[in-house]
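Examining the three-dimensional arrangement
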Amino acid sequence: MTDWSALAHAYGSAEDVPGLLDQAGPGLEDATWEELWGRLCHQGTVYTASYAALPDLTRMARQWSPGERVMPLVLAGAIVASTDRDGVRTDPRTAHAAEVGELARLTEETLRGGVADDAAAYVHVLQALLAFEGVAVWGQRLDGLNDEEYEVDCPHCQAGNFVAFGEYGHFATTDGLYMNDTDSRRTPLLPARPSSLEGLAQRLYARAVADGHPEVASKLTYLFGGARCAECDQPFGVAEVVAARWDDT
């Protein structure tokens, strides 16, 4: 039996966590998930109560259908992926290996059909799978696909670039207000050819296509493609500079 009073979350004692876990339902709009997220993975930080919640999140995911279990999977993925640990010294993949293994299996099921009509949820669940597998960076940062933007530093001149690939176009710019149709310089992106993708990039692309999410697959070609700095005009690989910025390993 877990002594929640001896554990902590972002706001102090974790005594309220069991009640919130009991209240949480399968709906994506259930406000209880926001409460749980704020306590257990506040701005990416995890706590002693966060890891203690993994068995309950696993149980919920196991009991719910693939289309209903998105929220416990995504929250558990964020907890497992976090490297900002407050008062926690253990690796969740070691301390909760059984739960993480089962969560990965349940996530696979959900990707194969549980989020067929929701591309954004698909990206979040795919990111959770990478978290359970221990994939650095992308277990936390793949959801930039939903934002249709990554903010990176040019590896040549260190200028901050916004790499955009969505409704505003497909380009790199140093102007953070590019969505206001400013006159700032934009350099076009160079998406990767699907046949040229290798390793993780090829796996993610092929998976998105097979799972019926061609729009996600298309965004992946920009993430794993190239760009030119809008300041110095030098080329760089988008995924490489994202990894350079966010790799905490």
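Look up: the structure comes first, before these words.
Scoring rules and cut-offs
- Residues numbered from 1 in each chain as written.
- Predicted model: local features only at pLDDT ≥ 70, side-chain atom pairs only at ≥ 80, totals over all residues.
- Heavy atoms only, no water.
- Helix = DSSP H or I, 4+ residues; strand = E, 2+ residues; numbered from the N terminus.
- Rg over C-alpha atoms; globule rule 2.2 N^0.38 Å.
- Buried < 20%, exposed > 50% of the residue type's maximum accessible area, 1.4 Å probe, protein only.
- Salt bridge = Lys/Arg side-chain N within 4 Å of Asp/Glu carboxyl O.
- Pairing = 2+ DSSP bridges.
- Contact = heavy atoms within 4.5 Å.
- Axes fitted to C-alpha atoms, helices over the stretch in contact; angles between N-to-C directions.

Counting secondary structure elements, the chain contains 13 helices and 11 strands. Taken over C-alpha atoms, the radius of gyration comes to 19 Å for the chain, in line with the 18 Å a tight globule of 249 residues would show. Once the C-alpha set of the chain is aligned to its principal axes, its extents read approximately 60 × 35 × 35 Å. With 249 residues in all, the chain has 47% of them scored as buried.

Let's shift gears to the pattern of salt bridges. Within the structure shown, the criterion is met by 15 salt bridges. The salt bridge involving glutamate 148 is made with lysine 219; its shortest N-O contact spans 3.2 Å. Of the two residues, glutamate 148 sits in the loop between α10 (144-147) and β6 (149-153) while lysine 219 sits in helix α12 (residues 214-223), which places them 71 residues apart along the sequence. Under the relative-accessibility criterion, glutamate 148 is labelled partly exposed at 24%. By relative accessible area, which is 19% here, lysine 219 ends up buried. Bridged by salt links that share partners, the residues Arg62, Arg69, Glu102, Arg105 and Glu109 form one connected network.

For strand β7 (residues 160-166), the buried fraction is high: six of the seven residues fall into the buried class. In textbook terms, the turn of a hairpin is the stretch between consecutive antiparallel strands, and for β6 and β7 this stretch comprises six residues, one of which, glutamine 158, has a positive phi near 65°. Where β7 meets strand β8 (residues 169-173), five bridges bridge the pair, whose relative direction is antiparallel. Bridge pairing in β8 links valine 163 to alanine 172. Two successive antiparallel strands, β7 and β8, enclose a turn made up of two residues.

Pairing between the strands of a sheet is mediated by backbone hydrogen bonds and can be parallel or antiparallel. The sheet built from four strands is open, its strands ordered β6-β7-β8-β9 with antiparallel pairing. The sheet is open, and its two edges are formed by β6 and β9 (187-188), each paired on a single side. Bridge count for β8 against β9 is two bridges, and the pairing is antiparallel. Bridge pairing in β9 places phenylalanine 171 opposite proline 188. Across the face of the sheet, helix α13 (residues 238-246) comes into contact with β6 and β7 while running at roughly 70° to β6.

So, about the environment of alanine 121. You can see alanine 121 is positioned in helix α8 (residues 119-133). The buried category is assigned to alanine 121, whose relative accessible area is 7%. Sequence separation of alanine 121 and leucine 111 is 10 residues, and the distance between their C-alpha atoms is 9.5 Å.

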